[in-house]
Structures are given as C-alpha cells and as structure tokens.
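A structural walkthrough
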Amino acid sequence: MSNLAVLPIIIPLIAGILLAFTNTNVRLSRALTQILTVVNLGVVSFIAWKVFQDGTIVLETGDWIAPYGIVLVADSLAITLVLTTNIIATAAVFYAPHSLSIEKEKHYFYPFYFFLITGVSGAFLTGDLFNLFVFYEVLLMASYALIVLGGNKVQLRESIKYVLINLFSSVLFVTAIAFLYGVVGTVNMAQIAERVQEVEQFGILTTIAILLFFVFGTKAALFPLYYWMPKSYIVPNPVISALFGALLTKVGIYSILRVFSLIFVHKIDLTHETFIWIAGLTMIFGVIGALSTNNIKLIIAYNIIPAIGFIMMGIGTFNQAGLSGSVYYLVHDMIIKTALFLLVGVIAYVAGTSDLRKMGGLIHHYPVLGWLLFISAFVLAGIPPFSGFIGKLLLLKGALQGDHIFIVIIALLSSLLILYSVMKIFIRGFWGEENPLVEKRTTKGFIAPIVFLLLFSIFIGIGAEFIYPAIDSVAVYLLDPEIYIDSVLKE
Amino acid sequence: MYKPNDLILRTTTSLIAFILLGFAVYLLLAGHNSPGGGFVGGLVTSAAVILMYMAYGMETIAKIIPVNFRTVIPVGLLIAVGTGLGSFVFDVPFLSHTFGYFNVPIFGKIELATAMLFDIGVYLTVLGVTITIILNIANDQ
C-alpha cells in the first residue's frame, strides 16, 4: 500500500476546489494555478522515478483488499502518460493568462482545468473498469464546461453535438461493463483479465470487446467515429483546444491499449487484425481532412486523427516493436499536438483570422513564430532526428515484423501528407505579401510555453538513448498481462 | 398590481418545509449505516429550500438565508476531500474509514464515524449544486 498513487489525482482536485473560492481575484488565481501545477509536475516526476525504479505502485483505497475494493495502479505505462499530461498542463497554464480574457478566467476556467487534469490522471491510473467510466465522466463534465466557456453561438452549436455523442458513448460504456460483469462477475481489471482466460464463451467476450472498442473508438476519434471531433475541438479558446486535442482523444486510445493488451487478448487474429485496417483507414481519412481545409485550427485538429491511426497500428501489430512504437508515439503526439494547437492559436491571434487565404507575409513581423512552426511541422511528420521519427520507425518495424506491408505504405504516404498539410500553413501564412490592414500585435508570453514543449519534443527525439529503454520496458510489460495481474491481486 | 393568491401554498409550505428539513437531517445522520446519506439528504434539503423560494419569492428568502449557494459547492467538496486527506496523516490507504463509540451527555452512548464527515461534504455539495442549477434556470428570462 502506498498513498503515492492517489497524489496525481488528489492534488489537482484540491487545487480545483481552492481555485473555485478565488475566482474573482484573477491575479491570485493565476499565481495559485501556476504554483500548484508545477508542484504537481514535481510530485508526478518523483512518482514516475519511483515506479521505474521499484516497480508498480498499487493502492487499495479505503483499505479494501484488491478484487473487492477500488484499486489505483500506477504502473509504468500509466505514470508515463500522467507525467506527459502534467508537462502539457504546465505549458498550458503559463499560456492561458495571455490567451484567455479576464471574463473567461473569472468564469471558473482554472477550477475546470484542474478537474480536467483530475479526470485524465484518474483514467490513466485506475485499475477498475467501472472507475475508468467514472473518471471519463469527471473529465467529460469538465470538458463540457470548458467547451462552452465564453458562450459564442458557434460554441453552443458544436457543444450540443459534443455532449450528445459523448453521452451516447457513455451509455454504451456502462452497458458494456454490465455485460462484462455478467460474464466474469467482476469489474477489477486484473481479475477480469484472469477470468477471461478461464471462461470458455469466447463468442460473447469478443462481442463485449467490440462494444468496448466502439466506445473507446468514439472518444479516441477513430475511423469512422471521428466525425464529431475536429469542428468541436476548434471552437473554444486555443488553450482549451490544446488540452482537448492533447488529452481527451489520448485517454480513449490509452483505454484501447490497456484493455486490448491486458484483457481481450484471447482472439488476437480477429480483434487486432481488424485494428490494423481501422488504423489505415483512420490515417487516410484524417489526412484527407487535414488537406481539405484552409482553416489553420482545423488543419491541426484533423491532424489528431492520423496520429491516432499510427498509435492504433502499433496496438494492431501487437509485438514488442509495435507496442513500444505506440507508447513512444503517444507521448510524442501529446506534446507536439499541444505545441501546435498553442502555435496556431498565436498565429490566428496575430493574423486576425484563422483562414489561410487571408493570411500572408507573417514572417516579416514574427520570424520566431515562423521558425517554431517550421520545427513543429518537422517534429510532427517525423523527420529525423525529432521524436516523431523514432516513434514511426518503431511502428514500421513492428508492422514489417508482422508482415503488414500495406499499412507500412499507407503510414509512409500519410506521413508525407501530414508534413504537407502543416507546411501549407508555413508557406501560405508566412511567405508572400503581408496584409497591410492587420495591426502588429505582441507575442510576448505566448512563445515561452511553446518553446518549453518543443524542447521536450526534441529531447525525446535526440535523447532517444535515454528514453527508449524505459519505453521498451513498458512494451515488454504490456505483452505479459501476468505482471499486471500479479502486482494487483497477489501482493 | 397583480397580487398572487397563494395562501394555501404559503401555509402548507411552512409545515412541509419543516418536516422536510427535519427528515433531511435524519437521512444525513442515518446515512452511513442504513438507507439515507449525504446525497439524498442534500436533495431533500434543497427541495425544502426551493419550496420556500416558490412560496415566498426570491427577495424574501435571499434575506432569510443570506448564503451564496455557489460557494457552498467548493466548501462541501473541500470537506469531502479533506476527510480523504486525513488518511495521509494517519498513514493508512486513501479514504480509509474508522469509527468509535463515545458517551455524550443527554444522548448517551452514540457511534461516530469518519464516513459521517464525508457525508456532510456530499450533503453541502449536492445542496449547493441543486439550488444553483434551479435558481439559474428560474432566473433565466
């Protein structure tokens, strides 16, 4: 037993509650948020170090023994993602005061931001399928509040779609959990995994697996369930878009990774084979979406979809190289997507529009911004030596080991098109004649958080020698569900 | 000026609100061992408060209960999470529960449990949320 596992959930929760009292005092709110976020980052880094040193930390809450009570499992995969979440959050809170209006900050932006982090960390850390649903609801509730913050007409229109689709998939989620409980008689993930191996009715289990996949696929924005995502992610403030784009879909893909490496591994030829096809289609359609639009925010939002496809491809190949590629790409994508969302937020702010056709010549006034976008595009597309390259290399290696030539071709082609879609912003927005009507605005304060994230991204790429062994150990760990089961049930 | 004829509503409200508030306290205290709890206690209390709002009007009740229900929500959350934090002080797993028997004058021997404190937090949160939501909808022109 160690209470450490609950700290990444409880610190943002308390911070959120405290900030609900100070909402009218904006300066105090900003200072408190930044201090508490950095404290949380420090604590999570310590826990991560401890997990990679001494192994999984399991907490049986309320002193109830494992399969009966609720467990929190801080294993290497979960804590890696919680750490990444907190790095992103740190960049976001230093960007937020410049990007948000005072009015929005007063209307409880900071408490809801903290509740979002609570939900995301909880979803990563929980070892209980029903609790996963509960933390999904926590983060969704916070996201509902954040998406309508400001209350524009377009925000309200998009948020209705967002709320409806998420409510529907939540209903399916509980239903699927109920079915699973009916078959195996437990919601503890370790015990489900143990009993799934013993139960003989593979037919019904595969049905439940596909139902759960549908739920997580909706949240993760996989083909063909991504239609709700891009437009609703661009309507709130850039900092909120960045948090959504980096965290919410990734919680969905994490759930797929967890459930289909721990629990439903009984019919890999059916489920995981399907995943590869879905991954390919997700990449193709996501990239087509990104190429089809001239709205810079929409380009980045559409770019979330092929990234999810890449991660899905690693889960589908389900070998050591593929899975470590998935985890690597997941971490890389969370960081670089946040950086890109924050960047296009600034670009849209200084250009006065998010329509590429009305932009041009920004490089004359904002050279730093231009080169940051240029580097980000390279990181995103996976040009060596940046982090996307290592992730993609591992993914392609995994796919080739599994003899999936088609997916390799699709992945390489869509990487090229991803690069083009972001370069389009650079070429059309930064080159050419400047628009004389637009006044010059200051980018002070916007740049530092983006540079902070890009430095992390570059470190993950260039410092692969330090990072890769840790990620590889996560992949080995994921391939052997027994380790997870033992750490939870047989302490 | 239009003057509503709500004599029956007002008279019964004073009786019903009294019963509701008493029952809410019972539900809150019974919560951790038998049917009841902070959630339903909070709902019953907010039903009583809403009933009073309907019978006597916004201004009157705002004068009698000078509480901003929006700040009741974080207070309740803080109490609920605070009981969990106690586990860090006593070095037991998060949200561990304990209870003991105490001799209190007048009541005699009673059982006090830490789950009760958590329930009070839940009670305040539910009360704050319910009334904030309903008043917001009611105020919306």
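**Examining the overall build of chain A**
Counting its secondary structure elements, chain A contains 19 helices and 2 strands. Here the C-alpha atoms of chain A give a radius of gyration of 21 Å, agreeing with the 23 Å that 2.2 N^0.38 yields for 491 residues. C-alpha atoms of chain A, sized along the principal axes, occupy 70 × 55 × 45 Å. Residues counted as buried form 64% of the 491 residues belonging to chain A. Once local pairs closer than 6 in sequence are excluded, the contacts in chain A between residues at least 24 apart make up 82%.

**Section: the confidence of the model for chain B**
On average, chain B scores 85 in pLDDT, and the residues at 70 or more come to 96%. Of all the helices and strands in chain B, strand β2 (residues 108-113) of chain B carries the lowest mean pLDDT, 75, while helix α2 (residues 38-56) of chain B carries the highest, 91.

**Describing the pattern of salt bridges**
Where side chains of opposite charge bring their charged atoms close, a pairing between them can arise. Residues and elements named next belong to chain A. Inspection of the entire model under this criterion finds 9 salt bridges over all chains. Between K50 and D54 there is a salt bridge, and its shortest N-O distance comes to 3.5 Å. Note that K50 and D54 are positioned in helix α2 (residues 26-54) at a spacing of 4 residues, about one turn of the helix. Since its relative accessible area comes to 28%, K50 is described here as partly exposed. In this structure, K250 and D333 form a salt bridge, with 3.2 Å as the shortest nitrogen-oxygen distance. With K250 in helix α10 (residues 238-262) and D333 in helix α13 (residues 320-351), this residue pair connects regions lying 83 residues apart in the sequence. Grouping residues by exposure puts K250 and D333 together as buried.

**Overview of helix α16 (residues 405-430) of chain A**
Residues and elements named next belong to chain A. Given a rise of 1.5 Å per residue, 26 residues ought to cover 38 Å, and the 38 Å separating the end C-alpha atoms of α16 matches this to within 8%. Taking the largest bend as the criterion, α16 deviates by roughly 30 degrees, centred on M423. Just downstream of α16 lies G432, where phi reads positive at about 85 degrees.

**Section: the side chain of H332(A)**
Residues and elements named next belong to chain A. Examined against the element boundaries, H332 turns out to sit in helix α13. For H332, a relative accessible area of 0% translates into the label buried. Residues in contact with H332, not counting those within four places in the same chain, are V379, L380, S387 and G388.

**Observations concerning a nonpolar patch on the surface**
Together, L18(A), F21(A), V75(B), L78(B) and I79(B) line one region of the surface with nonpolar side chains, adding up to about 340 Å² of accessible area. Take the nonpolar patch: its biggest share by element is 3 residues, from helix α4 (residues 69-90) of chain B. Within the element layout of this structure, I79(B) appears in helix α4.

**Some thoughts on the packing of aromatic side chains**
Residues and elements named next belong to chain A. The full count for this structure, using the stated rule, is 34 aromatic pairs over all chains. Each ring, one from Y113 and one from F114, has its centre 4.8 Å from the other, and the planes form 55 degrees; the classification is tilted. For Y113, a relative accessible area of 1% puts it in the buried group. By relative accessible area, which is 3% here, F114 ends up buried. Ring geometry for W371 and F374: centres 5.5 Å apart, planes at 80 degrees, overall edge-to-face. Of this pair, W371 and F374 both sit in helix α14 (residues 367-381), separated by 3 residues, roughly a single helical turn. The exposure class of F374 is partly exposed, given its relative accessible area of 25%. Put simply, the rings of W371, F374, F378, F426, F430 and W431 touch in pairs and so form one group of aromatic residues.

**Focus on the packing of α13(A) against helix α15 (residues 387-401) of chain A**
Residues and elements named next belong to chain A. Between α13 and α15, the least distance of the axes is 7 Å, while the angle of their chain directions is 155 degrees. It follows that α13 is roughly antiparallel to α15 by the angle criterion. Where α13 crosses over α15, the handedness of that crossing is left-handed. Between α13 and α15, the residues in contact are A321, G322, S324, G325, S326, Y328, Y329 and H332 and S387, G388, I390, G391, K392, L394, L395, K397, G398 and Q401, respectively. Considered class by class, the residues forming the contact of α13 with α15 number 6 nonpolar, 10 polar and 2 charged.

**Observations regarding the pairing of β2(B)**
All names here are of chain B. One ladder, built from 6 bridges, connects strand β1 (residues 99-104) with β2; its direction is antiparallel. Paired with Y101 across the strands is E111, a residue of β2. Linking β1 back to β2 in an antiparallel pair, the connection comprises 3 residues, with I106 at a positive phi of about 75 degrees.

**Comments concerning the interface of chain B and chain A**
Counting residues at the interface gives 16 residues for chain B and 18 residues for chain A. Taking both partners together, chain B and chain A bury about 1400 Å²; carbon and sulfur atoms supply 81% of that area. If you look at where chain B meets chain A, you find 0 salt bridges. Taken together, chain B and chain A are joined by 2 residue pairs in polar contact (both at pLDDT 80 or more). Looking at the side of chain B that touches chain A, its residues break down into 11 nonpolar, 3 polar and 2 charged.

**Some thoughts on the packing of α10(A) against helix α12 (residues 296-317) of chain A**
Residue and element names in this part refer to chain A. Running from N to C, α10 and α12 cross one another at 20 degrees; their axes reach a closest spacing of 11 Å. With respect to α12, the axis of α10 lies roughly parallel. Between α10 and α12 lies a crossing of right-handed hand. Residues G245, T249, K250, I253, I256 and L257 of α10 lie in contact with α12, whose contacting residues are I304, I308, I311, M312 and I315. The residue makeup of the contact of α10 with α12, split by class, is 8 nonpolar, 2 polar and 1 charged.

**Things to note about the environment of L243(A)**
Residues and elements named next belong to chain A. With respect to the element layout, L243 can be found in helix α10. Once the C-alpha coordinates of L243 and M334 are considered, the two residues, 91 residues apart in sequence, prove to be 9.3 Å apart. Look past the residues within four positions of L243 in its chain and what remains in contact with it is I88, A92, Y113, L116 and L248.

**Quick look at the pairing of strand β1 (residues 57-60) of chain A**
Residues and elements named next belong to chain A. Here β1 shows a buried face lined by I57 and L59 and a second buried face lined by V58 and E60. Strand direction decides the pairing type here: β1 and strand β2 (residues 71-74), joined by 4 bridges, are antiparallel. Residue pairing for β2: E60 is matched across the bridge by V71.

**Notes on the side chain of K424(A)**
All names here are of chain A. Looking at the secondary structure, you find K424 in helix α16. Only 3.1 Å separates the side chain of K424 from the backbone oxygen of T293, close enough to count as a polar contact. With residues near it in sequence (within four places) discarded, K424 still touches L291, T293, N294, I299, L356 and G429.

Reading the values: the criteria
- Residues numbered from 1 in each chain as written.
- Chains lettered and ligands numbered in written order.
- Predicted model: local features only at pLDDT ≥ 70, side-chain atom pairs only at ≥ 80, totals over all residues.
- Heavy atoms only, no water.
- Helix = DSSP H or I, 4+ residues; strand = E, 2+ residues; numbered from the N terminus.
- Rg over C-alpha atoms; globule rule 2.2 N^0.38 Å.
- Buried < 20%, exposed > 50% of the residue type's maximum accessible area, 1.4 Å probe, protein only.
- Contact = heavy atoms within 4.5 Å.
- pLDDT = per-residue confidence, 0-100.
- Salt bridge = Lys/Arg side-chain N within 4 Å of Asp/Glu carboxyl O.
- Expected span 1.5 Å × (residues − 1).
- Bend = angle between axes of the 7 residues up to and from the residue.
- Patch = residues over 30% accessible without salt bridge, like charges linked within 9 Å, V, L, I, M, F, W, Y side chains within 5 Å.
- Areas by Shrake-Rupley, 256 points an atom, 1.4 Å probe, with all protein chains shown as cover.
- Phe/Tyr/Trp six-rings, centres within 6.5 Å; stacked < 30°, edge-to-face > 60°.
- Axes fitted to C-alpha atoms, helices over the stretch in contact; angles between N-to-C directions.
- Parallel < 35°, antiparallel > 145°, perpendicular 65-115°, else oblique.
- Left-handed = near helix turned anticlockwise from the far one by under 90°.
- Nonpolar A, V, L, I, M, F, W, Y, C, P; charged D, E, K, R; others polar.
- Pairing = 2+ DSSP bridges.
- Buried area = accessible area lost by both parts, 1.4 Å probe.
- Polar contact = N/O pair within 3.5 Å; in protein donor to acceptor, adjacent residues only side chain to side chain.

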